[in-house]
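Working through the structure, step by step
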Amino acid sequence: AMDSMDLEQEKGITIKAKNASLRWKDAIINIVDTPGHADFGGEVERILKMVDGVLLLVDAAEGTQAQTRFVLRKALERRLPVILCINKVDRPDARIGEVVDEVYELFLDLDADEEQIEFPIVYTNAKEGWASVDYDHEHPVDGTDLRPLFNLLLEHVPAPEYEEGAPFQALVTNLDASAYVGRLALCRIYNGNVKKGQTVAWIRASGDVQSGKIVELYANEGLARVPLDEAGPGEIVAVAGIPEITIGETLADPEDPRQLPVIAVEEPALGMTIGINTSPLAGNSGKKLTARQVSDRLQAELIGNVSIRVLETERPDTWEVQGRGELQLAVLVEMMRRESFELTVGKPEVVTREIDGKVQEPTERLTVDVPEEHL
């Protein structure tokens, strides 16, 4: 339901972060789905600013992956409470006890302290929609519904913290678009209340303060967006009415505008050139062929994708696009191809940086799984 893009369904991965919500007992639980892959780390970093706890999802057979390490490191840095969810416990090759031990090892490897390593564990079969907190080696795990999971969420994830009577503050963490009202800013409200039709202070990343009006206010009910008249602290809302707002900016009280920290994102590690198709067969497979069209599309990508950079090159019809990794750049090229662009794409090259007069390049941690007889 959350992975609604064609590419997400074809590759079986999450590429764009999305949110939904549900009511359970007396609480509203906001669920934000974030990609696990390190290439889409820009999505992960800003999503962690929206949440008060994380559900770490690990496959009962495959165990911890490289991306499990990446997202867990980010969650531990922000000191968010973690609930471990071992999914697909019904798999014939499930090795639940070993996988739980792998996760403990990963926590220790990431320097988790005593408090962080005391996490609750829930065992789930998401396909059949049940969860259980009981597990022993002798019997298969069984359950009837997802109540044990939601009870754990209410127990272990704290309610949003806010200052009583503080002026309104909300951080823009994602963008969306609507055919009717234009750009939507997805915000987490930290303090105060906001009403539809209200004038707010819009604080740009540079610190400039401008005023804007909230034309529409929406929240999620399940997967659908519903209009709201008013929202308060802890809620995740979509705001329409400020056409040029971007990720990392703050909406605040016009009489007392206080900026929230701007989202910091890790630097790109790989770059490649993207240009227009100059071959004799140009125009055979796509309709968007000009430098202006490609440039506009790359600029549009920068608005919603905080971990990508687009740099000019010596040629007016070629740009250097930098990102986290090959998968992220490949996804961008494939999305453009499906939107009817024709492109030439250069080979990926590592992005170097000069630090203290020395040229340095990014390093990557590699894990290789080898059958024992070949060790």
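Residues numbered from 1 in each chain as written. Predicted model: local features only at pLDDT ≥ 70, side-chain atom pairs only at ≥ 80, totals over all residues. Heavy atoms only, no water.

Some details on the sheet that holds strand S15 (residues 236–240)
Taking strand neighbours across the sheet as the criterion, the 8 strands line up as S11-S10-S16-S7-S8-S15-S12-S13 in an open arrangement whose pairing is antiparallel. Of all strands in the sheet, those bounded by a partner on one side alone are strand S11 (209–213) and strand S13 (224–227). The average undirected angle you get between the axes of adjacent strands in this sheet is 40°. Bridging between strand S7 (residues 169–178) and strand S8 (residues 182–191) involves 9 bridges; their strand directions are antiparallel. Looking across to S8, one finds that Ser 178 is bridged to Gly 182. (Pairing = 2+ DSSP bridges. Helix = DSSP H or I, 4+ residues; strand = E, 2+ residues; numbered from the N terminus. Axes fitted to C-alpha atoms, helices over the stretch in contact; angles between N-to-C directions.)

Describing the sheet that holds strand S6 (residues 130–132)
Hydrogen bonds along the backbone pair up the strands of a sheet, which may run parallel or antiparallel. Strand order in this open sheet of 4 strands is S3-S4-S5-S6, and the pairing throughout is mixed. Since the sheet does not close on itself, it has two edges, and those belong to strand S3 (54–59) and S6, each with one partner. In this sheet, adjacent strand axes meet at a mean angle of 30° when their direction is disregarded. Where strand S4 (residues 82–87) lies against strand S5 (residues 121–125), 3 bridges are found, and the strand directions are parallel. Each bridged residue has a counterpart across the sheet, and for Cys 85 the counterpart in S5 is Val 122. Against the sheet, helix H3 (residues 66–77) contacts S3 and S4, and its axis sits at roughly 165° relative to S3. (Contact = heavy atoms within 4.5 Å.)

A few points about the nonpolar core
Nonpolar side chains in soluble globular proteins tend to be buried together. Grouped together as the largest cluster of nonpolar side chains are 35 residues, with contacts concentrated most on Leu 56, Ile 86 and Phe 107. Where this core is concerned, the elements lending two or more residues are helix H2 (41–47), S3, H3, S4, helix H4 (96–109) and S5. Looking at this core, the element that brings in the most residues is H4, giving 6 residues. Setting aside anything within four residues of it in sequence, one finds Leu 56 in contact with Thr 68, Val 71, Leu 72, Val 82, Ile 83, Leu 84, Cys 85, Val 103 and Phe 107. Counting 24 residues, the second-largest nonpolar core is a separate cluster that includes Val 172, Ile 214, Leu 228 and Ile 245. (Core = buried A, V, L, I, M, F, W, Y, C linked by side-chain atoms within 4.5 Å. Buried < 20%, exposed > 50% of the residue type's maximum accessible area, 1.4 Å probe, protein only.)

Considering helix H6 (residues 147–156)
Residues of H6 that are buried: Leu 149, Phe 150, Leu 152 and Leu 153. Taken around the axis of H6, the buried residues stretch over an arc of 155°, which confines them to a single face. (Arc of directions from axis to C-beta.)

Focus: the packing of aromatic side chains
As enumerated under the stated definition, the model contains 4 aromatic pairs in all. Relative to Phe 119, the ring of Tyr 104 has its centre 4.8 Å away and its plane inclined at 25°; by these criteria the two rings are stacked. Of the two residues, Tyr 104 is situated in helix H4 and Phe 119 in the loop between helix H5 (114–117) and S5; the sequence distance between them amounts to 15 residues. By relative accessible area, Tyr 104 is classed as partly exposed at 29%. Phe 119 sits in the buried class, given a relative accessible area of 7%. Following the ring pairs from residue to residue traces out a cluster consisting of Tyr 104, Phe 107 and Phe 119. (Phe/Tyr/Trp six-rings, centres within 6.5 Å; stacked < 30°, edge-to-face > 60°.)

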